[in-house]
Amino acid sequence: MGKTTSALFIFFVLFSAGCQKSIQPDKEINLTFSNVEKSIDSVFQSMKIEIAKKAEAVANSNIDEKETREQLIELYNDFIYCIDCAFVTPDGKMKFLEPKTYKEFEGADISKQEQVFRLRDTRQPVLSNLFKAVEGFYALDFEYPALKNNKHLGAISILIRPESFLKNLQEVSIQNKSIDLLIIENTGKIIYNSLPTLIGKNLIEDDPFSYKDSFTKSVKNIISQNEGSGELDFPVKQTVNKKKEIFWKKMNLYGIDWKIILMRKI
């Protein structure tokens, strides 16, 4: 059994086993949750501060192309996990895109993406659910409105691969290496796992997860609860069962709910 297949099998057994009993989170789990949440919040707060500055500068320039591209390049250089930065028009077209590597996608229509609707309606910064970007990979889109005299001129977009910053976050935030981190969204998609091949897999809809009702029920149970815990049978080898504790907690980020899931060997 290959590494990826083995990981998929482990996740399947982990969730389909169901929680045998509720477990009170101890000091280590509470501290780990706190560290992970603070780290995630810090990343997005840093992005928000910088993207707000760029959005204001772009709006004040009346979307001057030279000024807008300069602001996008600066924003791109500010964050190592940024894939590209774009100016998105009010009707959802990526008018300017930096760096030049992705220039071929200028003019792409992303108007049907949910976060574009949400930003237009709220005129507030928004985060997308995980999606397959026109650039060809799973990504998150963080957008900030460009406003001038209360007029919506468009938005600045940062496209990021979640594993780019969450992998580093796991290494920094989780001191006990026996604790595993899994992050999913309310659609059931995996936002982060230590195996990049699992990112974008849907724990409710995709094979090999979807064919067993008990698995789907367990995932939906986690999604429906703000927080929870349980004890699970975790097969390390085909002939040996090990138990794991599982803890989950909701985190809201700019209109999107994530489930932070911690798993620890007993």
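Here the structure is shown first, and the text comes after it.
The shown structure was predicted, so the numbers you read here are calculated from the model rather than taken from an experiment.

**Considering the overall build of the protein chain**
Then step 1. Looking only at helices and strands, the protein chain features six helices and eleven strands.
Then step 2. Counting only residues that meet the buried cut, the protein chain has 51% of its 266 residues in that class.
Then step 3. At a minimum sequence separation of 6, the contacts of the protein chain that also span at least 24 residues come to 57%.

**Digging into the side chain of Asp141**
Then step 1. Along the chain, Asp141 falls in strand 5 (residues 138-148).
Then step 2. We note that Asp141 is buried and unpaired, the nearest opposite charge coming from Arg118 at a distance of 8.7 Å.
Then step 3. A distance of 3.0 Å separates polar atoms of two side chains, one belonging to Asp141 and the other to Gln115.
Then step 4. At a separation of 2.5 Å, a polar atom in the side chain of Asp141 contacts the side chain of Ser157.
Then step 5. Setting aside its immediate chain neighbours within four residues, Asp141 contacts Gln115, Val126, Leu127, Ser128, Phe131, Ser157, Ile158 and Leu159.

**Some thoughts on the pairing of strand 7 (residues 179-185)**
Then step 1. Burial analysis of strand 7 places six of its seven residues in the buried class, the great majority of the element.
Then step 2. Sheet topology note: the strand 7/strand 8 (residues 190-192) ladder contains two bridges and is antiparallel. Looking at the pairing, Ile184 lines up with Ile190 of strand 8.
Then step 3. A loop of four residues connects strand 7 with strand 8, the two strands running antiparallel in sequence, and Gly188 in this loop sits at a positive phi of about 100°.

**With respect to helix 2 (residues 27-60)**
Then step 1. An ideal rise of 1.5 Å per residue puts 50 Å on 34 residues; helix 2 measures up with 49 Å between its terminal C-alpha atoms.
Then step 2. One or two residues past the end of helix 2 sits Asn62, with phi positive at roughly 60°.

**Concerning empty space enclosed by the protein**
Then step 1. A complete count under the given rule lists two cavities of 30 Å³ or more for this structure.
Then step 2. Its boundaries defined by the atoms lining it, the largest cavity holds a volume of some 90 Å³.
Then step 3. Along the walls of the largest cavity sit 13 residues, with Met94, Ile110, Gln113, Phe131 and Leu159 positioned nearest its centre.
Then step 4. For the lining of the largest cavity, the secondary-structure elements that each account for two or more residues are strand 1 (82-88) and strand 6 (151-160).
Then step 5. Residue composition of the lining of the largest cavity, grouped by class: seven nonpolar, three polar and three charged.
Then step 6. Those elements that place two or more of their residues in the lining of the second largest cavity are helix 4 (114-122) and strand 6.
Then step 7. Each residue belonging to the lining of the second largest cavity can be placed in one class, and the counts come to five nonpolar, three polar and two charged.

**A word on the packing of helix 2 against helix 3 (residues 65-78)**
Then step 1. Here helix 2 crosses helix 3 at 175°, and the two axes come no closer than 9 Å. When the axes of helix 2 and helix 3 are compared, the pair comes out roughly antiparallel. Where helix 2 approaches helix 3, its residues Glu50, Ile51, Lys54, Ala57 and Val58 are matched on the opposing element by Glu67, Thr68, Gln71, Glu74, Leu75 and Asp78.
Then step 2. Here the residues of the contact of helix 2 with helix 3 are counted per class, giving four nonpolar, two polar and five charged.

**Regarding the pairing of strand 11 (residues 256-265)**
Then step 1. Extensive coverage of strand 11 is indicated by the burial of eight of its ten residues.
Then step 2. Note that strand 7 and strand 11 share seven bridges and pair antiparallel. Residue pairing for strand 11: Leu181 is matched across the bridge by Leu262.

**Quick word on helix 4**
Then step 1. All buried positions along helix 4 are accounted for by Gln115, Val116, Arg118 and Leu119. Projection of helix 4 onto a plane perpendicular to its axis shows the buried side chains occupying an angular sector of 165°, all on one side.
Then step 2. Next to the buried residues of helix 4 lie strand 3 (126-127), strand 4 (131-132), strand 5, strand 6 and strand 11.
Then step 3. Looking at the residues trailing helix 4, positive phi occurs at Arg123, about 55°.

**Observations regarding the pattern of salt bridges**
Then step 1. Counting across every chain of the model gives 13 salt bridges.
Then step 2. Residue Glu37 is joined to Lys249 by a salt bridge in which the shortest nitrogen-to-oxygen separation is 3.8 Å. Placement of the pair is Glu37 in helix 2 and Lys249 in strand 10 (residues 240-253), with a sequence separation of 212 residues.
Then step 3. The class of Glu37 is buried, set by a relative accessible area of 18%.
Then step 4. A single salt-bridge network, built from bridges that share partners, covers Glu65, Arg69, Glu98, Lys103 and Glu106.

Cut-offs used in this document
- Residues numbered from 1 in each chain as written.
- Predicted model: local features only at pLDDT ≥ 70, side-chain atom pairs only at ≥ 80, totals over all residues.
- Heavy atoms only, no water.
- Helix = DSSP H or I, 4+ residues; strand = E, 2+ residues; numbered from the N terminus.
- Buried < 20%, exposed > 50% of the residue type's maximum accessible area, 1.4 Å probe, protein only.
- Contact = heavy atoms within 4.5 Å.
- Lys, Arg positive; Asp, Glu negative; His and termini not counted.
- Salt bridge = Lys/Arg side-chain N within 4 Å of Asp/Glu carboxyl O.
- Polar contact = N/O pair within 3.5 Å; in protein donor to acceptor, adjacent residues only side chain to side chain.
- Pairing = 2+ DSSP bridges.
- Expected span 1.5 Å × (residues − 1).
- 1 Å grid on protein atoms, 1.4 Å probe; cavity = no way out; pocket = protein on both sides within 12 Å on 5 of 7 lines; lining within 4 Å.
- Points joined across faces, edges and corners; volume = space filled by probe spheres on them.
- Nonpolar A, V, L, I, M, F, W, Y, C, P; charged D, E, K, R; others polar.
- Axes fitted to C-alpha atoms, helices over the stretch in contact; angles between N-to-C directions.
- Parallel < 35°, antiparallel > 145°, perpendicular 65-115°, else oblique.
- Arc of directions from axis to C-beta.

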